[in-house]
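# Breakdown of the fold
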Amino acid sequence: MSDEERQPSRTRVPMPVAALSDPHMGDAAKHPARVEKIIAVIFLLAIVFLALFGAAYWQNWRAWELGGTIGVGLFLLGFGLTAWGKYLMPQGPFVEERHTLASTSEERDSMAAALVERSAVVVKRRKMLGGLFALGAGIFGIVAVFPLLRSLGPLPGDSLDVTDWRKGTVLVDSSGRPVRKDTLVVGGIMTVYPQGTVNPQTGFITDRGQAVDQTVLIRVSDQPLVPPTMPGREDWTPDGYVAYSKLCTHLGCPVGLYEQELELLVCPCHQSMFNVRNGAVPQFGPAPRPLPQMHLGYNEQGYLIAMAPYDQAVGPGFYERTT
Amino acid sequence: MRGVRTPLRGSFRTQFLLPAGLLVVAVMASFAMFIPGADAGASGHADTAQVPSIPNKHVTTRACGTLNVKGVTGTTRNAGNPFNSSNRFCLNGHLVSYGSRYITYTNPPQSLISAGQLLFAQTCSSCHGNDANGVNPDGTATIGPNLQGVGAATVDFWVSTGRMPAADVKAVEAERRATRLTPLQALELAAWVNSLDPAVPAVPYPHLATADQSAGQDLFSLNCAACHTITGSGDALAFGTNAPSLQNRSVTAQQAVEAMRTGPANMPRFSGNLTDHQVADIVSYVTGRLEHPDNPGGVGLGGVGPVAEGFVALLIGVGGLVLICFWIGERS
Amino acid sequence: MSATAATTKRSAKAAMGPFGQVGKIVDELDDRLGVAKGGRVFLDKIFPDHWSFMLGEISLYSFVVLLATGIFLSLYFVPSTQQVIYHGSYRPLDGQWVSEAFKSTVSISFDVRGGLLVRQMHHWGADIFTGSIIVHMARIFFTGAFRKPRELNWIIGTTMLILAILEGFIGYSLPDDLISGTGLRIGYSIAESIPFVGSYLVTFLWGGQFPGTGIIIPRFFIIHVLIIPLVLLGLVSVHLGLLVRQKHTQFAGEGRTEHNVVGSPMFPTFMAKTTGFLFMVTAATALLGAFVQINPIWQFGSYDASKISYAVQPDWYMGWLDGALRIMPSWEFAGWGHTIPFEVLLPAVVFPGLIFTIALMWPALERKVTGDDELHNLLDRPRDRPKRTAAGAAMFALLFTLFGASSTDVLANFFHISLNEVLWFFRIAVIVIPIVAGLVTYQLCREMQGVHGIGKRKRPVIVQRSVQGEYTTVPTPPRPDDMHTELDPEPVPVRIDIEPLSNGGTGEPESSPTGVRQVTR
């Protein structure tokens, strides 16, 4: 084929022409002149509002004025354009034929044949190479995942099990003040952290103090609770003070909602309810386990202290958690 | 093959106005849910036997007479205990006022006691007993609890917020409502009840000029938001109880202090864990910011949060745009 | 001299061809890229006009708005949980410890000109984006547009829905405020609950026991700003590309078959309408962003893991999961040294996994159940597939009930009912309501199938009685309003005679066009 024959033909051939008055080309509106005027007014209003937005921005007006002007302006602009398209542009209806997506069965067969038979040639001749390559690629696929996942962070270890509370840790409030015998009156509640996690000068509380060690302290009575919150906890509630981990055993929200008359701790997230007199056993809602209770005592200075770490992991459940 | 083109006609009504009208109705209905209105007046029955009673604790001094300090901490300074505050003023064996530069607690004048006794007999004795001790003349327990030793602030809070006299004695919790009694009458009642067993806290008068709203916000979010929500919109709690809205502008600073110091109904009692300074900070935040929310972004939707926002996004946002699709396209 | 200049000008114009400068550009482009043929086909593309076909455009254009507003925000946001003391425009936070992320978001809201508007547009846009995806997906589902050959598009679309939900959750968690931080804590606990891998997953992602090293916010930032948008852009391109290749579906009707598409042409009509719609979607987002406040994080304060607010629901598209978590009974298994928290796993991991798996597999499931392997380019009316419509209605009823279940406290407050009673109501409702909805929908469809002329205007009928006592009915003639103008669908004309006067204004289609030139190259 000569060069000239390969080039696409550049002769201009006559093409069928449709008349402008063809109803397919025509306006959909009954009164196109009126519609045109309306759209013109809409565009003018849009211009006004958009210009107003420019002025509003320049003059540093408020958010609703900025948004109102550009919102109305853009809406009018879009509305006008859409109306133009809907009422004044050729509507048709026009039709387009769908071409069959599928190729001919010959083309399909030849594709399948190319895949199957050519691979067979390779595999038939070089089976061992294929196998080794597949093994290498597979191993790459596996080890490539290692840095993607493992480098992200540390192993959990036992970090999910322990808090900073130890025997003798003083309970302090969010300003770093220790708690004394008469700090709370019956019916009072406060959030406490281990001493050392709250900086009294700056008010800064460490992440662990807030997230893991957070404890809720309630004065339920002015005598140690009888019966005890749980068997064996007779001396855990001196002077009627009860302390529980503030981390909900459902999903870890702080259980800060206390109803004094009902003696009920309610978790605000999903409304699990814990009775503070019976060891914060969940009475209602999705929480599965009681809130871990803290064994309270006093030190020589008269401050409330923890007598031991929590006897179990605080917060929600996870696979490695043992009771 | 025949094609169809439907020219424009008066179907604008059905195509556009009807769906638009339905949308507007849906929007109004969901908006009505989120406009802060009256607090939840729950049904149920009150169980006064469950109320933990604070044992009496009396302190007697020559100057101030015998004072029931069961309701306040002994430990923290300037936290509502007259014997541990910067100021204390007693006269003729009665406690007149005490406090710090952030809150002054003052007992109602003795002169109001007789009017208070009369008013109590007319209004309150049927539920609380003739001597406000929760005992009927025949020895049975009254519906209302024993009021002896609750202190003037407690009485003033319940009466000035309209919770007492109770509208529905069977309700789980009394709700705030328009007061039947005047502020003076509230003080008269407080004076008389207090005279039976003089107690603290006295009626607080907060001084908010030097209060720190930022510290108040910090303390509010730690101590109060769990029940009242961070925007103060209030919400339903367990078993028909509720935390009232603090966006209500009729909540006064005095009432807020009274509530914190006396722990009404299921609200905890904040004593030694919050000093007067901290209470003033919180109250300044509540009356200054929660009651006048900073909504520079537009309509605040009652501070309810993503539930309301979701309704608006779906009904007004997506709904409105679908309505526009109705207009642009055809209905075949 | 001037005559020569004029002639040169005219001949230069003539030499440019009958289509002027535009024709020349087309020629130049086509020489290099060969675009003329495909371009012409593209301009002729037909779009069916039904209103429900525009729902996907709402999603597309709100995505565009999200990209634009998001780029703005990303130029100001500081993705860091470093704690600093706030000193800035919003006084009630002055002197408090806040994270850099929170501080920069407050700064955008108060100090950057237009910042609050753009921030709110972004958040409203996200809500509208996910909402419109669901509405669009519903249309596809109920009309059977997911059937062969469009199953891949359905899978891509469902994947985009999952990504959109994830993107939204990550996005509103970036400011590290009290409410979204609580949501992150909940997310951490949900991931932690997964057996075997949970505790590893969370310490890897967060960099340790909650809240970790604080790396989660920068990680979320890059996921939200780069990774997911890139994936979404890619998926959207394939989604639209498939639509172009396979062409749009259409409802059955006069002139519409399995082998054609009837509607308005791409250029100029559809382009005008869709561009106008782009502006209107942007405008709707702007108006919402202007007049209705959303996510006022300055009122919430910076996240502190020991603080909590009541009435914390996640954004609406996560509400169904929150509702499921609330109503789930506390079935945790603890034994043999291990704990499996089913009360978290079932509603928050298994349930959404099941829903999305069913969604992704629906075309295959339906093919298997109906045995229908045909190509479908015509859509079903929902009433013609009662079982499918009922299943979809039941699903929506379930999601709606769960959404209600996440607002138990708000509902209890509004209707003055005990919170506990409201919760029990939803525990029962979540089973009953979908079943009832499905059954009712099924019945409705069957009945609507049997009744002809539903929705059409009724015409009055004249009843006449003859002398013998016979009754006959005479239909009244149709009103002019009820008459259809019928036009045959035609292919888009190759050329339009835009100057009819030169043809003597006959209005008849010409067979020989004007302005033809013979040129050989």
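Residues numbered from 1 in each chain as written. Chains lettered and ligands numbered in written order. Predicted model: local features only at pLDDT ≥ 70, side-chain atom pairs only at ≥ 80, totals over all residues.

To continue, consider the overall build of chain B. Looking only at helices and strands, chain B features 10 helices and eight strands. Expressed as a percentage of its 332 residues, the buried residues of chain B come to 52%. (Helix = DSSP H or I, 4+ residues; strand = E, 2+ residues; numbered from the N terminus. Buried ≥ 20, exposed ≤ 12 C-beta atoms within 10 Å, placed from the backbone.)

Turning our eyes to something else, we now look at the interface of chain B and chain A. With 36 residues of chain B at the contact, the number on the chain A side is 39 residues. For the side of chain B that touches chain A, the per-class residue count stands at 19 nonpolar, 15 polar and two charged. (Contact = placed C-beta atoms within 7 Å. Nonpolar A, V, L, I, M, F, W, Y, C, P; charged D, E, K, R; others polar.)

Turning our eyes to something else, we now look at the nonpolar core. Formed by 268 residues in total, the largest nonpolar core has its most connected members in Leu-217, Val-255, Leu-257 and Leu-265 of chain A, Ala-190 of chain B together with Met-280 and Val-281 of chain C. Once you skip the residues sitting within four places of it in the chain, Ala-190 of chain B turns out to touch Pro-108, Ala-152, Val-155, Asp-156 and Val-203 of chain B. Grouped together as the second largest cluster of nonpolar side chains are eight residues, Phe-94 and Val-95 of chain A together with Ile-46 and Val-262 of chain C included. (Core = buried A, V, L, I, M, F, W, Y, C linked by C-beta atoms within 7 Å.)

Moving on, we come to the packing of helix H13 (residues 316-327) of chain C against helix H14 (residues 342-370) of chain C. Residues and elements named next belong to chain C. Taken N-terminus to C-terminus, the directions of H13 and H14 make an angle of 130°; their axes are 9 Å apart at the nearest point. Taken together, the axes of H13 and H14 lie oblique to each other. For the element pair H13 and H14, the recorded crossing hand is right-handed. Touching Leu-321, Ala-324 and Leu-325 of H13 are Pro-347, Ala-348, Phe-351 and Pro-352, all from H14. (Axes fitted to C-alpha atoms, helices over the stretch in contact; angles between N-to-C directions. Parallel < 35°, antiparallel > 145°, perpendicular 65-115°, else oblique. Left-handed = near helix turned anticlockwise from the far one by under 90°.)

Residues and elements named next belong to chain A. Here strand E6 (residues 241-245) lies mainly inside the structure; five of its five residues are buried. Sheet topology note: the strand E5 (residues 215-219)/E6 ladder contains five bridges and is antiparallel. Its bridge partner being in E6, Thr-215 is matched across the sheet by Ser-245. Bridging between E6 and strand E11 (residues 293-294) involves two bridges; their strand directions are antiparallel. From the neighbouring strand, Ala-243 faces E11, where its bridge partner is Met-294. (Pairing = 2+ DSSP bridges.)

For the rest of this paragraph, the subject is the environment of Phe-75 of chain A. Positionally, Phe-75 of chain A belongs in helix H3 (residues 63-88). When the C-alpha atoms of Phe-75 of chain A and Phe-49 of chain A are compared, they prove to be 10.0 Å apart, with 26 residues separating the residues in sequence. Every residue in contact with Phe-75 of chain A, bar those within four places of it in the chain, is listed here: Met-280 and Ala-283 of chain C.

Moving on: the confidence of the model for chain C. Residues and elements named next belong to chain C. When the pLDDT values of chain C are averaged, the result is 88; 90% of them are 70 or greater. Counting contacts from residues 501-521, a segment whose pLDDT is below 50, to residues more than four positions away or on other chains yields 33 contacts. Prediction confidence for the complex, expressed as pTM and ipTM, is 0.89 and 0.90 respectively. (pLDDT = per-residue confidence, 0-100.)

Moving on to the sheet that holds strand E5 (residues 103-106) of chain B. Residues and elements named next belong to chain B. Read across the sheet, four strands follow the order E3-E4-E5-E6 without closing on themselves; strand pairing throughout is antiparallel. One side of each edge strand has no neighbouring strand; the edge strands of this open sheet are strand E3 (87-91) and strand E6 (203-206). Strand-to-strand twist in this sheet, taken as the mean axis angle between neighbours without regard to direction, amounts to 15°. Sheet analysis places E3 next to strand E4 (residues 94-99), joined by five bridges and oriented antiparallel. Note on E4: the bridge partner recorded for Phe-89 is Ser-97.

At the junction of the two partners, chain A supplies 86 residues and chain C supplies 113 residues. Looking at the side of chain A that touches chain C, the elements with two or more residues in it are strand E1 (17-19), H3, strand E2 (94-97), helix H6 (207-211) and strand E10 (281-284) of chain A. With 17 residues, H3 of chain A is the largest single contributor of residues to the side of chain A that touches chain C. In this structure, E1 of chain A lies alongside strand E11 (residues 495-497) of chain C, joined through three bridges in parallel fashion. The partner of Ala-18 of chain A across the bridge, within E11 of chain C, is Ile-496 of chain C.

Turning our eyes to something else, we now look at the sheet that holds E6 of chain A. Residues and elements named next belong to chain A. The antiparallel open sheet is built from five strands, whose spatial order is E3-E4-E5-E6-E11. Two strands lie at the open edges of the sheet, namely strand E3 (171-172) and E11, each paired on one side alone. In the sheet, strand E4 (residues 189-194) pairs with E5 via four bridges, with the strands oriented antiparallel. From the neighbouring strand, Thr-191 faces E5, where its bridge partner is Val-216.

Now for the packing of helix H7 (residues 151-173) of chain C against H14 of chain C. All names here are of chain C. Where H7 meets H14, the closest approach of the two axes is 8 Å, and the angle between their N-to-C directions is 165°. The orientation of H7 relative to H14 falls into the category roughly antiparallel. Note on packing geometry: the crossing formed by H7 with H14 is right-handed. Each of Glu-151, Trp-154, Ile-155, Thr-158 and Ile-162 in H7 lies in contact with H14, whose residues at this interface are Phe-356, Ala-359, Leu-360 and Pro-363. When grouped by side-chain class, the residues that make up the contact of H7 with H14 number seven nonpolar, one polar and one charged.

Before going further, it helps to spend a moment on the domain arrangement of chain B. Interfaces are often sized by the accessible area lost when the parts come together. Entries for chain B in the domain assignment read domain 1 (14-36 + 306-328) and domain 2 (48-290). Distance between the C-alpha centres of domain 1 of chain B and domain 2 of chain B: 45 Å. (Domains from an automatic or database assignment.)

Right, let's talk about helix H9 (residues 198-206) of chain C for a bit. Burial within H9 of chain C is extensive, with seven of its nine residues counted as buried. Among all positions of H9 of chain C, only Gly-198, Ser-199, Tyr-200, Val-202, Thr-203, Phe-204 and Trp-206 of chain C are buried. For H9 of chain C, the elements touching its buried residues are helix H5 (127-150) of chain A together with helix H8 (178-192) and helix H10 (216-246) of chain C. One or two steps after H9 of chain C, the chain reaches Gly-207 of chain C, where phi turns positive at roughly 80°.

Quick look at the pairing of strand E2 (residues 65-68) of chain B now. Along any regular strand, the residues point their side chains to alternate faces of the sheet. Residues and elements named next belong to chain B. For strand E1 (residues 58-61) and E2, the ladder comprises four bridges, and the chain directions are antiparallel. Paired with Val-59 across the bridge in E2 is Leu-67. Between the antiparallel neighbours E1 and E2 lie three residues.

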